[in-house]
Amino acid sequence: MKVLLVDDEKHVREGIMLLGEWEKFGIETIYEAENGAEAINFIQKFQPEIIFTDMKMPKMDGIQLLEWMKEHYPYCKTVVLTGYDDYHYMRKAIHYGSVDYLLKPIDPEILNTTLEHALAEWKKEEAIRKENKSSSQLINKMKPAYRDRMLTQLMNNESMKENLYEEFGFQVSQSYTVALVKVSGKTIGEFHGDRNLAYFTILNVINEILTENECGTGFRYLSNKGEIIIIFWKKIEQIEELLKSMYKQLRKTFNISCPIALGESVNKISELLESYSRAKHVILNSNILDEKGERVYLQEIKSETALPNLMGYASEIELAVQAGEIGAFEEMIERVTKELKESRFLSLKLLLNFEKEYQVICNRWLKKYQLSFSVVEKVEKQIDPYFDQNGSFQFEKYIERKKREISLFLKKVKRGSGKKNTNIIYEIETYLQENCNRDVKLQEIAEQFYLSREYISRKFKQEFNVNISDYVVKIRMNKAKTLLKNSQLKIYEIAEMIGYQDDKYFRKVFKRIEGVTPNEYRTSC
């Protein structure tokens, strides 16, 4: 594993090198760069997995570097460093997918916690990338999965033998137009959560109309979740009518709303991705508050309306949290939503960005108060429940939900701040003793006591000089020694009573801890 430190101040780089627990996390090499331009050379040459970057630097600053990385090297994990507590930088860091945002001077504990999180995220995504790569190498000719895969590759400019065009229902033409069909989590829910059934059913309706008109083909776009692509090669002048027919048929037959957006016409197969990109831009910028009957979008709707920047409300949020009452948020929430209520315009793109900022702010405050929190991997899941059967976004219900979430957060803050930390750790110890006969996960403890997993692990070790897993083993072994004095109990029965399903593993652990086997210990009693 490799790390790159980008900062124009050498003493900052040296400080991070001294504070980081590199060997513990398997970091073998650390590179240094003084600015973004120099960093790009290192990235292209050595491909580090983790990058710590300052924001204000000569030649090329951190924002420019993050922008370059998003396009050319998106797989690495970045952590932003800055001496300015400026929400402009945090917003940019979020936009470009940074793992975290650290203020100088760097706190050693926060640095290493952030490093651990960044590595975990990279390893998780790398495993997925390897799995996807392995899967794509297998020639799976089962339809429709194989067909979807091949047409997805064609969309992404990967070559496909011409003799396969006919097999997959694709025709060569002088012009093509791509349409994008959005399949939301709510739509999947209408098929009892069966994703494959949902796609199969929707594509049946789409391809039946396309086959009847001999003008195109539809398939599941595997590069992005929740998307179906239609490629038209004939009857370009009738596309709007055909798309509306598809939308109506899906609404009438299955009572689902699948918004459809149309891209621009292109002349080559290699340009299909450009038409798709335009269609995606159109659907992301369409008005989700519109109660129109057919959600078929042929062009972007222009509007100057934008959701307020939540990061700009940082000081007001802090005061409201300190006040500890939901009423302190009311005025702020009203100001955030007033413009939207008046304009009746909200795009999917703006809403997704708003939700992402909201999640970051919530987790930041939960972390500050050492309360449990989870990172939302897909913000789309957070907004899916608020689309009605017609595909309109129920903005009022969404805001009410946010108010309830804020109220719950304030209760957690009050409950958490009202306990003494030492007492909580001893309560956790009691909880472990009472549940030592089963596998208690750290996340379960975090949720039970409204604390973060990192805080529990650190404080528990400080108090008992041992980590939680080793402490549980100690409890189990002490209980096992007591049970071994009862000669009527079998070894496998004792193993099950203290939480081990495999008595052989129990014997192995017992000997490692006590120095003798369970039978030898029983004989000596």
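Refer to the structure presented above.
Residues numbered from 1 in each chain as written. Predicted model: local features only at pLDDT ≥ 70, side-chain atom pairs only at ≥ 80, totals over all residues. Heavy atoms only, no water.

1. Notes on the side chain of S275
- With respect to the helices and strands, S275 occurs in helix α10 (residues 272-284).
- Leave out the neighbours within four places in its chain, and S275 touches T177, V178, G263, E264 and V266. (Helix = DSSP H or I, 4+ residues; strand = E, 2+ residues; numbered from the N terminus. Contact = heavy atoms within 4.5 Å.)

2. Comments concerning the sheet that holds strand β8 (residues 227-232)
- Sheet architecture is open: 5 strands sit in the order β7-β8-β6-β9-β10, paired in mixed fashion. Only two strands of the sheet have a single neighbouring strand rather than two, namely β7 (216-220) and β10 (296-297).
- Of the strands in this sheet, β6 (176-182), β7 and β8 touch helix α6 (residues 145-155), which is tilted by about 105 degrees from β7.
- Here helix α9 (residues 239-254) sits on the sheet in contact with β6, β8, β9 (260-266) and β10, set at roughly 145 degrees to β8. (Pairing = 2+ DSSP bridges. Axes fitted to C-alpha atoms, helices over the stretch in contact; angles between N-to-C directions.)

3. Considering the pairing of strand β4 (residues 77-82)
- Across the 6 residues of β4, 6 count as buried, placing the element largely inside the fold.
- Taking every second residue as pointing to the same face, both faces of β4 are buried, with K77, V79 and L81 on one and T78, V80 and T82 on the other.
- Two strands pair when backbone bridges link them, and strand β3 (residues 50-54) and β4 are joined in this way by 5 bridges, in the parallel orientation. If you follow T53 over to β4, its bridge partner there is V80.
- In the sheet, β4 pairs with strand β5 (residues 100-103) via 4 bridges, with the strands oriented parallel. Note that in β5 the partner of L81 across the bridge is L102. (Buried < 20%, exposed > 50% of the residue type's maximum accessible area, 1.4 Å probe, protein only.)

4. A short note on the packing of aromatic side chains
- This structure, assessed with the given rule, holds 21 aromatic pairs.
- Relative to Y471, the ring of F460 lies with its centre 5.2 Å away and its plane at 80 degrees, an arrangement referred to as edge-to-face. Note that F460 is positioned in helix α18 (residues 453-464) and Y471 in helix α19 (residues 468-484), a separation of 11 residues in sequence. With respect to class, F460 is no different from Y471; both count as buried. (Phe/Tyr/Trp six-rings, centres within 6.5 Å; stacked < 30°, edge-to-face > 60°.)

5. Some points on the pairing of β8
- Most of β8 sits inside the fold, with 6 of its 6 residues counted as buried.
- Burial along β8 is two-sided: the face carrying E227, I229 and I231 and the face carrying I228, I230 and F232 are both buried.
- By the bridge criterion, 6 bridges tie β6 to β8 in an arrangement that is antiparallel. By the bridge assignment for β8, L180 is matched with I229.
- Bridge count between β7 and β8: 5 bridges; the pairing is antiparallel. From the neighbouring strand, F219 faces β8, where its bridge partner is I229.
- If you look at the hairpin formed by β7 and β8, you'll find 6 residues sitting between the two strands, and G226 has a positive phi there, around 75 degrees.

6. Some details on the environment of E520
- In this structure, E520 sits in helix α22 (residues 518-524).
- In this structure E520 comes out as partly exposed when scored by relative accessible area, which is 45%.
- Reaching out from E520, the side chain makes a polar contact with the backbone nitrogen of T517 at a distance of 3.0 Å. (Polar contact = N/O pair within 3.5 Å; in protein donor to acceptor, adjacent residues only side chain to side chain.)

7. Examining the pattern of salt bridges
- One pass over the full model with this rule turns up 18 salt bridges.
- K104 is the partner of D7 in a salt bridge, and the nearest nitrogen-oxygen pair spans 2.8 Å. On the criterion of sequence distance, the pair formed by D7 in the loop between β1 (2-6) and α1 (10-19) and K104 in the loop between β5 and α5 (108-137) is long-range, its members being 97 residues apart.
- Residues K10 and E14 are paired through a salt bridge, measuring 3.7 Å at the closest nitrogen-oxygen approach. Highlighted residues: K10 and E14, both in helix α1, separated by 4 residues, approximately one helical turn.
- Overall, the relative accessible area of 47% leaves K10 in the partly exposed class.
- Three or more residues are tied together by salt bridges with common partners; here these are D7, E9, D54 and K104. (Salt bridge = Lys/Arg side-chain N within 4 Å of Asp/Glu carboxyl O.)

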